There are 2 protein chains.
Amino acid sequence: MYLSKLFIPTTKDVPAEAKIKSHQLMLRTGMIKQSSAGIYSWLPMGFKIMKKIEQIVREEQNLVGAQEMLMPTIQSSEIWKESGRYEDYGEEMLRIKDRQGREMLYGPTNEELVTDIFRSSIKSYKSLPQILYHIQWKFRDEIRPRFGVMRCREFYMKDAYSFDLNDDEAKKSYNKMFYSYIRTFNRLGLKAIPMAAETGPIGGDLSHEFIILADTGESQIYADKRIFEINLDNYDYSDNSLKKMRNDFSLMYAATDEKFNSNEFEKKVKKENQIKTKGIEVGHIFYFGDKYSKPLNGLIDTQDGKKVAVKMGSYGIGVSRLVGATIEANFNNNVMKWPKSISPFDVVIIPSISKNNNENIQKAEKIYKDLKKQNIDALLDDVDENMSNKFKKHDLIGIPYQIILGSKSVNDKIEFKELNYKSELLSLEDIKSKLKNK
Amino acid sequence: MYLSKLFIPTTKDVPAEAKIKSHQLMLRTGMIKQSSAGIYSWLPMGFKIMKKIEQIVREEQNLVGAQEMLMPTIQSSEIWKESGRYEDYGEEMLRIKDRQGREMLYGPTNEELVTDIFRSSIKSYKSLPQILYHIQWKFRDEIRPRFGVMRCREFYMKDAYSFDLNDDEAKKSYNKMFYSYIRTFNRLGLKAIPMAAETGPIGGDLSHEFIILADTGESQIYADKRIFEINLDNYDYSDNSLKKMRNDFSLMYAATDEKFNSNEFEKKVKKENQIKTKGIEVGHIFYFGDKYSKPLNGLIDTQDGKKVAVKMGSYGIGVSRLVGATIEANFNNNVMKWPKSISPFDVVIIPSISKNNNENIQKAEKIYKDLKKQNIDALLDDVDENMSNKFKKHDLIGIPYQIILGSKSVNDKIEFKELNYKSELLSLEDIKSKLKNK
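Keep in mind the model is a prediction, meaning the values are calculated, not measured.

K.L.:
When you look at the overall build of chain A in this model, what are you seeing that I'm missing?
P.N.:
Across its full length, chain A carries 12 helices and 23 strands. Residue burial in chain A is summarised as follows: out of 438 residues, 46% are buried. A separation of at least 24 residues holds for 72% of the contacts in chain A among residues at least 6 apart in sequence.

This is the structure we're talking about:
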């Protein structure tokens, strides 16, 4: 892609209400545009990053045997009345009357709807376990939407639902999702800490939040930093291995300020291992047994001929929120550096362009074509502006690798730079193999 | 994927209101489940097919230089008041009041919102042309939703918007989309005819519908069958080539009953080339100049310092509708056969299973693993039922190729069948190379 063709309306004027750095950066680099309070359009670069995050989430869901489907955004109020949440949910639920006067709503979550699908499809213990998930837009009518995509009204979320015969089996599903989440955040280049959590309005008796470290986060975090040394490769997808995995995580101290106990922290975690920082919630998992299956009659025939309510859990990841959270975790000293796995492009080619000399731009186009053949996704900055402005701009756009065609590149040696590191002179072959190995 | 693990609630009880064959089949094979009138959940197999269609649509949009982005589902009424369509649109628009009492709506289309994005981002002729598209859920509150996903209320649509300096340039964008559409439907295995059309509520003075042939379609079609002999490989993406392409299509007679003229048809089309059948609209493209940019102030600085309203077109493909339309076009004599490009699996392995003999299922598992290594996406039917029932079931599920492990498969020769053809005995190597070449 040539930068001059890319629809990327960068701007220097950030509105005053953009108070946190991810909101500011996303507006400045043309990733999003607000259309109404708490509702955004995703412009091409922001969209591309969100899609890459979505794909990693999807792959890790599939690896634990979750099956993708898609529930609609508009739901009938009927099933919410069955579960008892229609009145409870309050004003955050966007309630709608259709032309026939039927009470509908824009789904803020899907426990009721997925239970309805399950109860009409699955009748026997033989068909369990099942994990279904979808990645769909949700709406929560926040009274004060703010912080850009971090606390908006229309947001993109992966939510999975597990169905099991009994508590023991259900905990196996829970552990699978726990593992899937840790793997997902790792692949996104984020340091995520699972924390035992309150279950809140979803209900149930077992719950974890996944919190990533970011100085600007909303929650205060206290943890044992050895939690990041747990090697995921030591586990496999077998039930026993995943049980051990969750136990290994549980042994490491981690708490938000609500649960924090200073004495316990000092006793359990050596000074040099103590982390005290802030964090952002990016995932939340719940086990709530028959909280929804019971009122909604999601019954299963057991092997000995009884009928029992199926045991359920739900598992959410905020996909659109993760775009903002990744910026909060990675944008420092005026330099944004996207993790390689979700960077909008693999590399940006930055030629120095002047009226009298088009050698650099020609060289850039040649390199661009060459990279394309190798399936390396490059952005070519063909905009006519000085190099100092270009570098400032690319510090914000945040593509982690740069090929710079200016005064330093001579003959067959080309200036190559990783953001936050010094540049080096390399042959194109070496650059290609570096980019491919990244 | 093992069939016993797949969430595919097949059913023999099809509700009476399912009147057309795609609606019936999608319910019978567990592709969708209705959640309220005209609103469906997409279960794993239906979802997978829709995603494959979406991906082909996306690839062909990208090939003509359209850039993907994503607008939200919920829009403010403000921009619709600016364009004058808020009152005009009538009861099909789902109108919503949020908790602050603001008038919102669930977008039935996006001309207003994309013009709003454009006007705040692009100011100069130098940044033109631009084509932006998104694939997003829409809502139209049909008074009588029916025919399953063919006329539902919440539906999935690709809509693109072009922005050009003047009519001549705009027609180049129009031709690009025209070509992209023909290519898209070809790749989906559908015979699509472009027809000059009325512009309806979108407005403008140039429009084509794309209609695929299906006996059960809603529109009567009269056409010259040589339209299917136009070879798309004879054109490239240059403006002149695409102009010729559109002209070549226009020379072929094609009309729906509204525009049909019997004398003209008989005069222009030889008897042996006449097609008289029914069809289903799957795409619609419009050129409407400054219909929206003028009231919404989407202005561009021209090269000679003037300001002109940008010239726009819009281009829709019904992605969820295409799932149903493909069934209408391909489900005949109780056999559904998915086009290879969008089949839910590349092949299904059907072993004959009996209590006393597990040789076939073991053989099936071995073949399954082997195919997986070659990236061939197989479904293994490990359900314990007789072969006759299995074949009936797979006639409906519609995977185009079958590997049958029953009495006919001996030693190294395996029974391989393409739906609607006779089976043959082949080595596994030959089967693999057949599947890879398909």
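Additional details are given in the paragraphs that follow.
K.L.:
I keep staring at the environment of B:Ala255 and nothing clicks. Help me out?
P.N.:
Residues and elements named next belong to chain B. Looking at the element boundaries, Ala255 is found in strand E12 (residues 254–256). Residue class for Ala255 comes out partly exposed when judged on the 18 C-beta atoms lying within 10 Å of it. Distance in space between the C-alpha atoms of Ala255 and Pro194 is 9.1 Å, their sequence separation being 61 residues. If sequence neighbours within four positions are ignored, Ala255 has contacts with Met195, Tyr222 and Phe260.

K.L.:
Even after reading the chapter, I still don't get the relation of the copies chain A and chain B, so can you show me in this structure?
P.N.:
At an RMSD of 0.0 Å, chain A and chain B line up after a rotation of 180 degrees and a shift of 0.0 Å along the axis. One copy is carried onto the other by what is essentially a two-fold rotation axis. Across chain A, the rotation axis passes nearest the C-alpha of A:Ile96, at a separation of 2.9 Å.

K.L.:
Would you mind going over the interface of chain A and chain B with me for this structure?
P.N.:
For interface size, the figure often reported is the accessible area lost on association. Between chain A and chain B, the contact holds 37 residues from the first and 37 residues from the second. Looking at the side of chain A that touches chain B, the elements with two or more residues in it are strand E1 (32–36), strand E2 (39–42), helix H2 (44–63), strand E3 (67–68), strand E4 (74–76), strand E5 (94–97), helix H5 (111–119) and strand E7 (130–139) of chain A. A class-by-class count of the residues in the side of chain A that touches chain B yields 21 nonpolar, 9 polar and 7 charged.

K.L.:
How should I be thinking about the packing of H2(A) against helix H6 (residues 167–187) of chain A in this particular structure?
P.N.:
Between two packed helices, both the angle of their axes relative to each other and the distance between the axes serve to describe the pair. Residue and element names in this part refer to chain A. Interhelical geometry of H2 versus H6 gives an angle of 150 degrees and a closest axis separation of 9 Å. The orientation of H2 with respect to H6, classified from their angle, is roughly antiparallel. Here the hand of the crossing between H2 and H6 comes out right-handed. Counted together, Ile56, Val57, Glu60, Gln61 and Leu63 of H2 and Ser180, Arg183, Thr184 and Arg187 of H6 form the full contact between these two elements. Taken together, the residues that form the contact of H2 with H6 break down as 3 nonpolar, 3 polar and 3 charged.

K.L.:
What should I look at first to understand the sheet that holds strand E19 (residues 347–351) of chain A in this one?
P.N.:
Pairing between the strands of a sheet comes from backbone hydrogen bonds, and it takes one of two forms, parallel or antiparallel. Residues and elements named next belong to chain A. The mixed open sheet is built from 5 strands, whose spatial order is E20-E19-E21-E22-E23. The sheet terminates laterally at strand E20 (378–380) and strand E23 (424–426), the two strands that pair on one side only. On average, each strand axis in the sheet is tilted by 30 degrees relative to the strand beside it, whichever way the strands run. As paired strands, strand E22 (residues 414–418) and E23 are joined by 3 bridges and run antiparallel to one another. If you follow Ile414 over to E23, its bridge partner there is Leu426. Against the sheet, helix H10 (residues 359–373) engages E19, E20 and strand E21 (401–405), with an angle of about 160 degrees to E19.

K.L.:
Is there a simple way to think about the sheet that holds strand E4 (residues 74–76) of chain B in this case?
P.N.:
Residues and elements named next belong to chain B. Strands sit in the order E4-E6-E5 across an open sheet of 3 strands; the sheet is antiparallel. Of all the strands in the sheet, the pair left with one neighbour each is E4 and strand E5 (94–97). Each adjacent strand pair in this sheet contributes to an overall mean axis angle of 40 degrees, direction not counted. Where E4 meets strand E6 (residues 103–106), 3 bridges bridge the pair, whose relative direction is antiparallel. Within E6, the residue paired with Ser76 across the bridge is Met104.

K.L.:
Got a minute to help me understand the nonpolar core in this structure?
P.N.:
Generally speaking, a soluble globular protein has its nonpolar side chains buried in company with each other. Formed by 239 residues in total, the largest nonpolar core has its most connected members in A:Ile212, A:Val347, A:Ile349, A:Ile403, B:Ile212, B:Ile349 and B:Ile403. Leaving out residues up to four positions away in the same chain, B:Ile212 has contacts with B:Phe185, B:Leu190, B:Lys191, B:Ala192, B:Gly279, B:Ile280, B:Val282, B:Ala325 and B:Ala329.

K.L.:
Sorry if this is basic, but what is going on with the packing of helix H1 (residues 21–28) of chain B against helix H9 (residues 319–330) of chain B here?
P.N.:
All names here are of chain B. The N-to-C vectors of H1 and H9 enclose an angle of 110 degrees; their axes lie 8 Å apart at closest approach. As the angle between them shows, H1 and H9 are arranged roughly perpendicular. Facing Lys21, Ser22, Leu25 and Met26 of H1, the residues of H9 in contact are Gly324, Ile327 and Glu328. By residue class, the composition of the contact of H1 with H9 is 3 nonpolar, 2 polar and 2 charged.

K.L.:
Sorry if this is basic, but what is going on with the pairing of strand E13 (residues 274–289) of chain B here?
P.N.:
Where a strand is regular, its side chains alternate between the two sheet faces. All names here are of chain B. Across 8 bridges, the pairing between strand E10 (residues 206–213) and E13 is antiparallel. Along E13, the bridge assignment pairs Glu209 with His284. Here strand E11 (residues 219–224) runs beside E13; their pairing, made up of 6 bridges, is antiparallel. Of the residues in E13, the one forming a bridge with Ile221 is Thr277. As paired elements, E13 and strand E16 (residues 311–318) share 6 bridges and run antiparallel to each other. Its bridge partner lying in E16, Phe286 is registered against Ser314.

K.L.:
Sorry if this is basic, but what is going on with helix H10 (residues 359–373) of chain B here?
P.N.:
For an α-helix, 3.6 residues make a turn, and residues three or four places apart therefore share a direction. All names here are of chain B. Helix length check: H10 (15 residues) gives 22 Å between terminal C-alpha atoms against 21 Å at 1.5 Å per residue, within 8%. All buried positions along H10 are accounted for by Ala364, Ile367, Tyr368 and Leu371. For H10, the angular spread of the buried residues around the axis is 110 degrees, confining them to a single face. Turned more than 90 degrees from where H10 packs its buried face, Gln362, Lys366, Lys369 and Lys373 sit exposed. Where H10 is buried, its residues contact strand E19 (347–351), strand E20 (378–380), strand E21 (401–405) and helix H12 (428–437). One or two residues past the end of H10 sits Asn375, with phi positive at roughly 60 degrees.

K.L.:
Teacher, can you tell me more about the environment of A:Tyr235 here?
P.N.:
Residue and element names in this part refer to chain A. The topology assignment puts Tyr235 in the loop between strand E11 (219–224) and helix H7 (239–250). Expressed as a C-alpha distance, the spacing of Tyr235 and Tyr179, which sit 56 residues apart in the sequence, is 9.1 Å. Apart from residues lying up to four places away in sequence, Tyr235 is in contact with Tyr179, Ser241, Leu242, Lys244 and Met245.

K.L.:
For this particular structure, what's the right way to read the environment of A:Ala309?
P.N.:
Within the secondary structure, A:Ala309 sits in strand E15 (residues 307–309). Considered as a pair, A:Ala309 and A:Asn297 are 12 residues apart in the sequence and their alpha carbons are 6.9 Å apart.

K.L.:
Would you mind showing me how to read unusual backbone geometry here?
P.N.:
Note on backbone geometry: most residues besides glycine have negative phi, and most peptide bonds are trans. Residue and element names in this part refer to chain A. With an omega dihedral of -5 degrees, the bond running from Leu128 to Pro129 counts as a cis peptide bond. Following the sequence through the fold, Pro129 ends up in the loop between H5 and E7. The phi torsion at Asn375 lies on the positive side, around 60 degrees, for a residue other than glycine. For Asn375, the location among the structural elements is in the loop between H10 and E20. Note on Asn375: 8 C-beta atoms within 10 Å, which makes it exposed. If you check the backbone angles, Asn420 has positive phi at about 75 degrees while not being a glycine. Locating Asn420 in the fold gives a position in the loop between E22 and E23.

Scoring rules and cut-offs
Residues numbered from 1 in each chain as written. Chains lettered and ligands numbered in written order. Predicted model: local features only at pLDDT ≥ 70, side-chain atom pairs only at ≥ 80, totals over all residues. Helix = DSSP H or I, 4+ residues; strand = E, 2+ residues; numbered from the N terminus. Buried ≥ 20, exposed ≤ 12 C-beta atoms within 10 Å, placed from the backbone. Contact = placed C-beta atoms within 7 Å. Least-squares fit on C-alpha atoms with pLDDT ≥ 70 in both. Nonpolar A, V, L, I, M, F, W, Y, C, P; charged D, E, K, R; others polar. Axes fitted to C-alpha atoms, helices over the stretch in contact; angles between N-to-C directions. Parallel < 35°, antiparallel > 145°, perpendicular 65-115°, else oblique. Left-handed = near helix turned anticlockwise from the far one by under 90°. Pairing = 2+ DSSP bridges. Core = buried A, V, L, I, M, F, W, Y, C linked by C-beta atoms within 7 Å. Expected span 1.5 Å × (residues − 1). Arc of directions from axis to C-beta.

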